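Remarks on the overall topology
Residue strings, one per chain:
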Amino acid sequence: MTIPARTHSTVDDQIAKDILFIKGVNKFYETQSGTTHALENINLTIKEGEFVSIIGPSGCGKSTLLKILANLEKPSSGEINWGEKSSKDQIGFVFQDSTLLPWKNVLENSLFPLKVKKMDTRENLERVEYLLKIAGLDSFKKAYPNELSGGMKQRVSIVRSLSFDPKVLLMDEPFGALDAMTRDKMNIELQRIWNETKKTVLFITHSINEAVFLSDRVVVMSPRPGRIDRVFTIDLIRPRTVDVRETIDFVKYVKEIREVLGNDD
Ligand SMILES: Nc1ncnc2c1ncn2[C@@H]1O[C@H](COP(=O)(O)OP(=O)(O)OP(=O)(O)O)[C@@H](O)[C@H]1O
Ligand SMILES: [Mg+2]
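Residues numbered from 1 in each chain as written. Chains lettered and ligands numbered in written order. Predicted model: local features only at pLDDT ≥ 70, side-chain atom pairs only at ≥ 80, totals over all residues. Heavy atoms only, no water.

The protein chain goes by ABC transporter ATP-binding protein in an unreviewed UniProt entry, where it is assigned to Metabacillus halosaccharovorans.

Quick look at the structure:
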């Protein structure tokens, strides 16, 4: 199915299909010091091509939820259903700290999942070349991680996670360690990559500004046990430029989300 051009913030409800159903998910961790109730009754449906951010206080279970979606953790109860069976095997994960292999250059790092998964087909190799281009890394293909800036490393991580053309991209605070200016640039870059590759993205952040800037919807979670407090639909025209942050609508969203979070940005 072709996803319509993103001229507007929200994916067209009439056309886009549901790709992921999170139903009544609870997660308890059993540790030596007792039981932690990390997630409580999480219900959320995600549409194909949607960009959804998750924001909430530290320890409210955001990473846990992403790990459950990536099948790295099991829910204690509830279920995860994918609209199409194939989607659950097509997940790219960008972790908070970029973990590039220091002895491999940018191109080799980007191709790494393809080698591991034995998916280094011509089509996939061409995709990586294309992604490196749109991520502005074309002339750094031979560079090693220690020759890159923090933002460039994160861009390589994003390219790497997209190398096998996953349907869904899970991103756990990918820009948390970056300075404000680089982070702004990465937000623009990510919006562009998302727009061009038409992925479904679940994005964790601690920044309300970042969440509003990037998202179709922002999911606000409560302190532990993490529950969904509120879901905001961000109705701002795309593509968004940094100037959007000066607009009344943008400021209003930020204020409302901050109120729900209790000034917790
Ligand atoms: N493997 C684990 N074993 C035991 N407890 C865990 C484990 N992983 C997470 N927890 C606990 O579950 C709760 C939620 O953790 P999680 O990492 O999901 O939070 P988070 O919202 O991502 O926080 P942050 O914003 O700080 O990254 C925390 O209390 C944490 O201590
Ligand atoms: Mg986390």
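That shown, we press on.
Observations regarding the site of ligand 1
We apply this condition: In this text, near means that some heavy atom of the residue lies within 4 Å of the molecule or strand in question. Polar contacts, as counted here, are pairs of nitrogen or oxygen atoms within 3.5 Å of one another; within protein the pair requires one atom able to donate a hydrogen and one able to accept it, and residues that are adjacent in sequence qualify only if both atoms are side-chain atoms. Per-residue and other accessible areas follow the Shrake-Rupley method at a 1.4 Å probe size, with only the shown protein chains counted as cover for residues. Working definition: helices are DSSP H or I runs of at least four residues, strands are E runs of at least two. Numbering for both runs from the N terminus.
For ligand 1, the set of nearby residues contains 15 residues, the closest of which are Ser58, Gly59, Lys62, Thr64 and His206. Cys60 places a polar main-chain atom, nitrogen or oxygen, 3.2 Å from an oxygen atom of ligand 1. Coverage of ligand 1 by the protein amounts to 68% of the 630 Å² it exposes when considered alone. Elements with a contribution of two residues or more to the shell around ligand 1: strand 1 (18-31), strand 2 (34-47) and helix 1 (62-69). Examining the composition of the shell around ligand 1, we find that three residues originate from one element, helix 1, more than from any other.

Looking at the sheet that holds strand 1
The line we're drawing: The rule for pairing is simple: two strands pair if DSSP sees at least two bridges between them. The axes are straight lines fitted to the C-alpha atoms, using for helices just the contacting stretch, and the angles between their N-to-C directions are given from 0 to 180°.
Taken together, the three strands give an open sheet; going across it, the order is 2-1-4, and neighbouring strands pair in antiparallel fashion. Either end of the sheet is taken by a strand with one partner, and the two such strands are strand 2 and strand 4 (77-82). Averaged over all pairs of adjacent strands, the angle between their axes in this sheet comes to 15°, without regard to strand direction. Here five bridges tie strand 1 to strand 4, and the two strands are oriented antiparallel to one another. Bridge pairing in strand 4 places Lys23 opposite Glu79.

Quick look at the pattern of salt bridges
What counts here: Every case where a carboxyl oxygen of Asp or Glu lies within 4 Å of a side-chain nitrogen of Lys or Arg is listed as a salt bridge. For every residue, the accessible area (1.4 Å probe, protein chains only) is compared with the maximum for its type, and the residue is labelled buried under 20%, exposed over 50%, or partly exposed between those bounds.
By the definition in use, this model includes 19 salt bridges. Note that Asp18 is salt-bridged to Lys47, the shortest N-O span being 2.9 Å. Placement of the pair is Asp18 in strand 1 and Lys47 in strand 2, with a sequence separation of 29 residues. Classification of Asp18 as partly exposed rests on a relative accessible area of 30%. Residue Lys47 is classed as buried on the basis of its relative accessible area of 17%. Salt bridges here are not isolated pairs; linked through shared partners, they connect Glu123, Arg127, Asp165 and Lys199.

Regarding the packing of helix 2 (residues 106-116) against helix 3 (residues 122-134)
Heads up, the rule is: Angle categories: roughly parallel below 35 degrees, roughly antiparallel above 145, roughly perpendicular from 65 to 115, and oblique for all the rest. By definition, turning the near helix anticlockwise from the far helix through less than a right angle yields a left-handed crossing, and turning it clockwise yields a right-handed one. Contact definition: two residues touch when any of their heavy atoms are within 4.5 Å. In the scheme used here, Gly and all other residues not listed as nonpolar or charged are polar, with Ala, Val, Leu, Ile, Met, Phe, Trp, Tyr, Cys and Pro taken as nonpolar and Asp, Glu, Lys and Arg as charged.
Helix 3 packs onto helix 2 with a crossing angle of 135° between their chain directions and a minimal axis gap of 10 Å. Classified by the angle their axes make, helix 2 and helix 3 are oblique. As helix 2 packs across helix 3, the resulting crossing turns out to be right-handed. Contacts between helix 2 and helix 3 involve Val106, Leu107, Ser110, Leu111 and Leu114 from the first element and Asn124, Leu125, Val128, Glu129 and Leu132 from the second. Among the residues forming the contact of helix 2 with helix 3, the class breakdown is seven nonpolar, two polar and one charged.

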